[in-house]
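Here are the chains, one letter per residue:
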Amino acid sequence: MITESSSLPSAGIFHDYQQWLRDAQLGMENLLLHGLRSLLTMLGMIFGVAAVVAMLSIGAGARQKVMALIEQMGVHNLIVEAKETTEWQAHTKIRKISPGLTMSDYRIMRDDVAGVVASTPRKRLTPSKMAPRPQQEMPTVYGINPVYEQIAGLHLLEGRFFSQDEETNSAPVCVLGTAAKWSLFGSSDPLGQYVKVNEQWFRVVGVVSPQVSSHTEVAGTPAVDVNNNIYVPLQAAVLRLEDSYSNVRDEIDGVYLDMGQTSDVSQAALVVRAILESTHHGADDYSVVVPAELLAEQKRTERLFNGVMVAIASISLLVGGIGIMNIMLASILERTREIGLRRAVGARQSDIVRQFVVEATMISFAGGSIGVVLGFFISRLIAWLAGWSTIVTFSSIALAFLVSISVGLLFGIYPATKAARLDPVEAIRYE
């Protein structure tokens, strides 16, 4: 007796499994019998899922790039950017109230802001001419202190960074970004060779590893390809690289402060803004960039973006669900006599519900699967044609696929319930 009773649950499970399998087979046969209609029904689901996957891949690629840029700035850093203009009238107007960003500002910030671990001013310029002649865009020259290597988290691909003695003595040495290296020297070894910037020769002592770069402005920091930079000692940039625009530029155009891991960067930013507000007499000719705050804001934006994408996914796939419901209702009308016969020979309402729900789920499953594949290829196509960074994540595929299955179930239940409630006698007599 114990053996027989213990075998009953397994027998029931096997029977249920057979029923589900039989309904799946019948559903597949019915979908294949009306292949074109089934395909048209799936189109809404296919394009809805494909659009969601493609949109989320574009969003994920953009977010990853922005996050990488912010993290590259250094979450423990604080950056001051001068808002310079080379237009003489605008320059004269601003100079009446503000001296611009100066070395005096830098020294006050370095001495008065608590927790500064390392710091450097920056003098940036784009040369009017250069030898060897660049094969791409003209590189940007950064005049900075050697400690910038630590602050910016630079890694050397070959050679070395210039030393403090070379900075003090305004030595004509430079370190190239990877893009600048390839643009100037191609595949040849640049170490020990010379680069002529305007009228000054600089000896190449190192090459920096590739960095994440952006061609759009990020929170007040200018759009510069950091891989196309040439780093030189600050004093060398100030004393050797004067040009026709030097008299309308600030003494320095940027300051980098490394606040270390234990300092409150946001509090330090308030102190820096107070200092610059005082020395610049309220002139809005600078910006203070706090990467840690940008990172927190980007994460909040990412959460909001994900919520919006979920809403868009639901709306876009709703159209596919309506198509499934429409075709299932039409299928009930076509198969009314079949439903009546099944009910007459002993089929329960739950059997009829299961049959139509399985068919609706199969439509959404097939449409979702094709949509995922199509969305992947669309994202790759967009990346190839537009040059954007796209990332197809497992979460985006899972979201689109699960919503498509859920929509199929949701919109299949009503037609299935309607079919199950048909009166068997009336259903058999239906023409």
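What counts, and where the lines are drawn
- For every chain, the first residue of the written sequence is number 1, and numbering continues from 1 onward in sequence order.
- Local features are withheld for residues below a pLDDT of 70 in this predicted model, meaning they are given only at 70 or higher, and side-chain atom pairs are given and counted only at 80 or more; totals for whole chains, interfaces and linings count all residues.
- Processing note: side-chain calculations cover all non-hydrogen atoms of the structure and skip hydrogens and water entirely.
- Working definition: helices are DSSP H or I runs of at least four residues, strands are E runs of at least two. Numbering for both runs from the N terminus.
- Only protein chains enter the accessibility calculation, which uses a 1.4 Å probe; a residue is then buried when its area is under 20% of its type maximum, exposed when over 50%, and partly exposed in between.
- In this analysis, two residues are considered to be in contact whenever any of their non-hydrogen atoms come within 4.5 Å of each other.
- Only the protein chains shown count as covering a residue, and every accessible area follows the Shrake-Rupley method with a 1.4 Å probe.
- Looking at any residue, its pLDDT shows the predictor's confidence there, from 0 to 100.
- To define a nonpolar core, start from buried Ala, Val, Leu, Ile, Met, Phe, Trp, Tyr and Cys residues and group those joined through side-chain atoms within 4.5 Å.
- Surface patches are drawn from residues lacking salt bridges whose relative accessible area is over 30%; two like charges belong together within 9 Å, two nonpolar side chains (Val, Leu, Ile, Met, Phe, Trp, Tyr) within 5 Å.
- Salt bridge, as applied in this entry: a Lys or Arg side-chain nitrogen positioned within 4 Å of an Asp or Glu carboxyl oxygen.
- Between the N-to-C directions of two axes lies an angle of 0 to 180 degrees, each axis being a line fitted to C-alpha atoms and, for a helix, fitted only over the stretch in contact.
- For any helix crossing, the convention is left-handed if the near helix is rotated counterclockwise from the far helix by under a right angle, and right-handed if that rotation is clockwise.

### Some words on the overall build of the protein
Stage number 1. Tallying secondary structure elements over the protein gives 14 helices and 11 strands in all.
Stage number 2. A buried classification covers 44% of the 431 residues belonging to the protein.
Stage number 3. Put simply, 80% of the contacts in the protein that link residues at least 6 apart link residues at least 24 apart.
Stage number 4. When the accessible surface of the protein is totalled, it reaches about 21,900 Å², and 61% of it is carbon and sulfur.

### Brief notes about the confidence of the model for the protein
Stage number 1. Residue-level pLDDT values for the protein average 80, and 87% of them are 70 or greater.
Stage number 2. In the predicted structure, residues 1-8 sits below a pLDDT of 50 and forms zero contacts with residues beyond four places in sequence or in another chain.

### Some words on the nonpolar core
A general feature of soluble globular proteins is that nonpolar side chains tend to end up buried together.
Stage number 1. Among the nonpolar cores identified, the biggest contains 30 residues, and Val-49, Met-328, Ile-352, Phe-356 and Ile-363 are the most heavily contacted of them.
Stage number 2. Ranked by residues supplied to this core, first place goes to helix α12 (residues 349-386) with eight residues.
Stage number 3. Excluding anything up to four places from it in sequence, Ile-363 contacts Leu-31, Thr-41, Met-42, Ile-324, Ile-327 and Met-328.
Stage number 4. Within the second largest apolar cluster, 22 residues are counted, among which are Val-80, Tyr-106, Ile-252 and Ala-269.

### Re a nonpolar patch on the surface
Stage number 1. Together, Met-55, Leu-304, Val-308 and Ile-312 make up a nonpolar patch on the protein surface, roughly 320 Å² of accessible area in all.
Stage number 2. For the nonpolar patch, the element with the most residues is helix α10 (residues 291-334), which contributes three residues.
Stage number 3. Met-55 sits in the partly exposed class, given a relative accessible area of 32%.

### Digging into the packing of helix α4 (residues 103-112) against helix α9 (residues 265-279)
Stage number 1. With their axes 10 Å apart at the nearest point, α4 and α9 run at an angle of 145° to one another. In the crossing of α4 with α9, the sense of the turn from one axis to the other is right-handed. Facing Asp-105, Ile-108, Met-109 and Asp-112 of α4, the residues of α9 in contact are Val-272, Ile-275, Leu-276 and Thr-279.

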